[in-house]
Amino acid sequence: MQEKSMPASNTGIMRATHLLQLPQEMLTEIIMYLPAAEKSKVRATCSFFKDLVDQPVVWQKSTIVLRRISAFNAEFWDVLRKRKITSVEVKDIRLKQWQKLLRFMPGLLDVTVDSLWSEEILQGLQLLTDLQKLHLKTCSRLSERSVIMEVVRFQRLTHLLLCGITFLSDSELIKIACLQNLHTLSLHTVQKALPEKALEYVLFHLPKLRELSLSCILSKEHFLLCLSLPDKHPIPYSSEERFLDQLSTIHTLTVCYIKDFLLHSVDVFGQVLKNLPNLTELNLLWISNLDMFVDNIPSSLVKLSVIGTKLSNSALSCLSDKSWKLREMDLTLSYGFDEKTLKQFPHLFPLLTRLCLSGFVLTDNILLSLAKMENLRELDVTDGTNLTKEAIQNFHITTDCRVHLLVERHSVSSKCDCLWST
């Protein structure tokens, strides 16, 4: 006798039943990998999944973006407390909304404020006694004194990012040196350069500093001064071997190249790179030409971002020989290399797991050549690609769908927006 096929609705019920029979730890692990929108859908199915989704472990690495806080009710805040959310990014906040946020979430460890409208909002940070990471994206509306005075209260800070500061005087900049636990420091001014002597003092009094990002305009001599060993007497310009001796622990360096203060002194920045033996991540934005100091890029490098910069075929070949440990490379809006070199990437950079070629006009042949990169897990070809659907399909077949291919950009994210809007 032939068995009757089971109705589709019953099949769905059986699948759901089998899913519920999985161990709770396994279900939690699966939910952790879902985007926030998908987690919300799972949460809405039943009380069992509601409790699973609201577990703190599911949200421990998540940053909640809050807009229009006044629209949220008490139940919303109770859910955030239950999930033990510790990281938030707040956009377009007003004083009453800010006070509400601090009242409901006093245990925040990581805060990003999109725009500071008043000193009262800044002073409200005092309630976050355990704050470890602070990113103030737009500080130009407030005085430098107000910003620094509030920031230095947080002795537990490990990450400090101040963007859009109009100017920092010597007396205010030096105060940052008291934040002895800083691992990451970003200071991005919009008008004037950071005072070199004060910057020198700060850099050499932060023993745990690992990541540094500066956006400033300096002359060659001033640039050397702030990266030289502090001394009662300025170090002579010719004493290049002493650069950055005390900053050898830095693992990440970001240089936003705005004016050509290094173009006429390539050896300066090249020497800086030579004296960073532990550097694993290098981010170069709008550098005129990478060829000028590619020979000095350390072999310890694992992640490299070269944004809006000219680099030749020979520079990429040299980079392949020098930095053979590279795992991630971002060449967004960079130029100067040809299709032939791109096709050689599987040979030049065989260990790459992530490659971004955003803004580069990719052909079908190049895409299929990149499919030969055995360790690749993510390929970004947004903003400029002319790929056919057939090529994309063949790419997925060739790579057995192990590579996440980004063809359309849904959102733009960067460590610091001000580096892009300069």
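All of these numbers come straight from a predicted model, not from anything done at the bench.

Cut-offs used in this document
- Residues numbered from 1 in each chain as written.
- Predicted model: local features only at pLDDT ≥ 70, side-chain atom pairs only at ≥ 80, totals over all residues.
- Heavy atoms only, no water.
- Buried < 20%, exposed > 50% of the residue type's maximum accessible area, 1.4 Å probe, protein only.
- Helix = DSSP H or I, 4+ residues; strand = E, 2+ residues; numbered from the N terminus.
- Pairing = 2+ DSSP bridges.
- Salt bridge = Lys/Arg side-chain N within 4 Å of Asp/Glu carboxyl O.
- pLDDT = per-residue confidence, 0-100.
- Contact = heavy atoms within 4.5 Å.
- Polar contact = N/O pair within 3.5 Å; in protein donor to acceptor, adjacent residues only side chain to side chain.
- Phe/Tyr/Trp six-rings, centres within 6.5 Å; stacked < 30°, edge-to-face > 60°.
- Lys NZ or Arg CZ within 6 Å of the ring centre and 35° of its normal.
- Arc of directions from axis to C-beta.

**Side note on the pairing of strand S9 (residues 281-285)**
Two faces belong to every sheet, and in a regular strand the side chains alternate between them.
Then, number 1: Most of S9 is tucked away, with 5 of its 5 residues classed as buried.
Then, number 2: Examined bridge by bridge, S9 and strand S10 (residues 303-307) share 5 bridges and lie parallel to one another. For Asn-283, the partnering residue across the bridge sits in S10 and is Ser-305.

**Let's talk about the pattern of salt bridges**
Then, number 1: Taken as a whole and judged by the stated rule, the model has 14 salt bridges.
Then, number 2: Among the ionic pairs, Lys-91 bridges to Glu-89, the shortest N-O distance being 3.1 Å.
Then, number 3: Judged by relative accessible area, which is 15%, Glu-89 ranks as buried.
Then, number 4: Glu-378 is the salt-bridge partner of Arg-354, the closest N and O atoms lying 3.2 Å from each other. With Arg-354 in strand S12 (residues 354-356) and Glu-378 in strand S13 (residues 378-380), this pair connects stretches of sequence that are 24 residues apart.

**What to know about the confidence of the model for the protein**
Then, number 1: The predicted model of the protein averages 79 in pLDDT, with 80% of residues at 70 or higher.
Then, number 2: Low pLDDT, under 50, characterises residues 410-414; the predicted model gives this stretch 1 contact beyond four residues in sequence or across chains.

**Considering the side chain of Arg-83**
Then, number 1: Tracing the chain through its elements places Arg-83 in helix H6 (residues 74-83).
Then, number 2: Side chain to side chain, Arg-83 and Asp-54 meet in a polar contact 2.8 Å long.
Then, number 3: Residues within four places of Arg-83 in sequence aside, it is in contact with Arg-43, Val-53, Asp-54, Pro-56 and Trp-59.

**Remarks on unusual backbone geometry**
Then, number 1: Of note in the backbone geometry, Leu-333 takes a positive phi value of approximately 60° without being a glycine.
Then, number 2: Looking at where Leu-333 falls in the secondary structure, it is placed in the loop between strand S11 (328-330) and helix H15 (339-343).
Then, number 3: For Leu-333, a relative accessible area of 43% gives the class partly exposed.

**A short note on the environment of Lys-325**
Then, number 1: Examined against the element boundaries, Lys-325 turns out to sit in the loop between helix H14 (313-322) and S11.
Then, number 2: Sequence separation of Lys-325 and Leu-301 is 24 residues, and the distance between their C-alpha atoms is 6.4 Å.
Then, number 3: Setting aside its immediate chain neighbours within four residues, Lys-325 contacts Ser-299, Ser-300, Leu-301 and Val-302.

**Digging into the packing of aromatic side chains**
Then, number 1: Per the stated rule, a full pass over the model turns up 5 aromatic pairs.
Then, number 2: The interplanar angle of 70° and the centroid separation of 5.4 Å between the aromatic rings of Phe-48 and Phe-49 together place this pair among those described as edge-to-face.
Then, number 3: We classify Phe-48 as partly exposed; its relative accessible area is 34%.
Then, number 4: The class for Phe-49 is buried, based on a relative accessible area of 10%.
Then, number 5: With a centroid separation of 5.1 Å and 65° between ring planes, the pair formed by Phe-345 and Phe-349 is classed as edge-to-face. Assigned by exposure class, Phe-345 and Phe-349 land together as buried.
Then, number 6: The side chain of Lys-39 reaches across the aromatic face of Trp-59, ending 4.5 Å from its centre.

**Brief notes about H6**
Then, number 1: Buried residues of H6: Trp-77, Val-79, Leu-80 and Arg-83, and no others. Take H6 and look down its axis: the buried residues cluster within an arc of 155°, on one side only.
Then, number 2: Where the residues of H6 are buried, they touch helix H3 (36-43), helix H4 (47-53), helix H5 (56-59), strand S1 (64-66) and helix H7 (95-104).
Then, number 3: Where H6 starts, the residue carrying a side-chain oxygen 3.2 Å from the main-chain nitrogen of Glu-75 turns out to be Asn-73.
Then, number 4: Backbone geometry just after H6 places Lys-84 at a positive phi near 55°.

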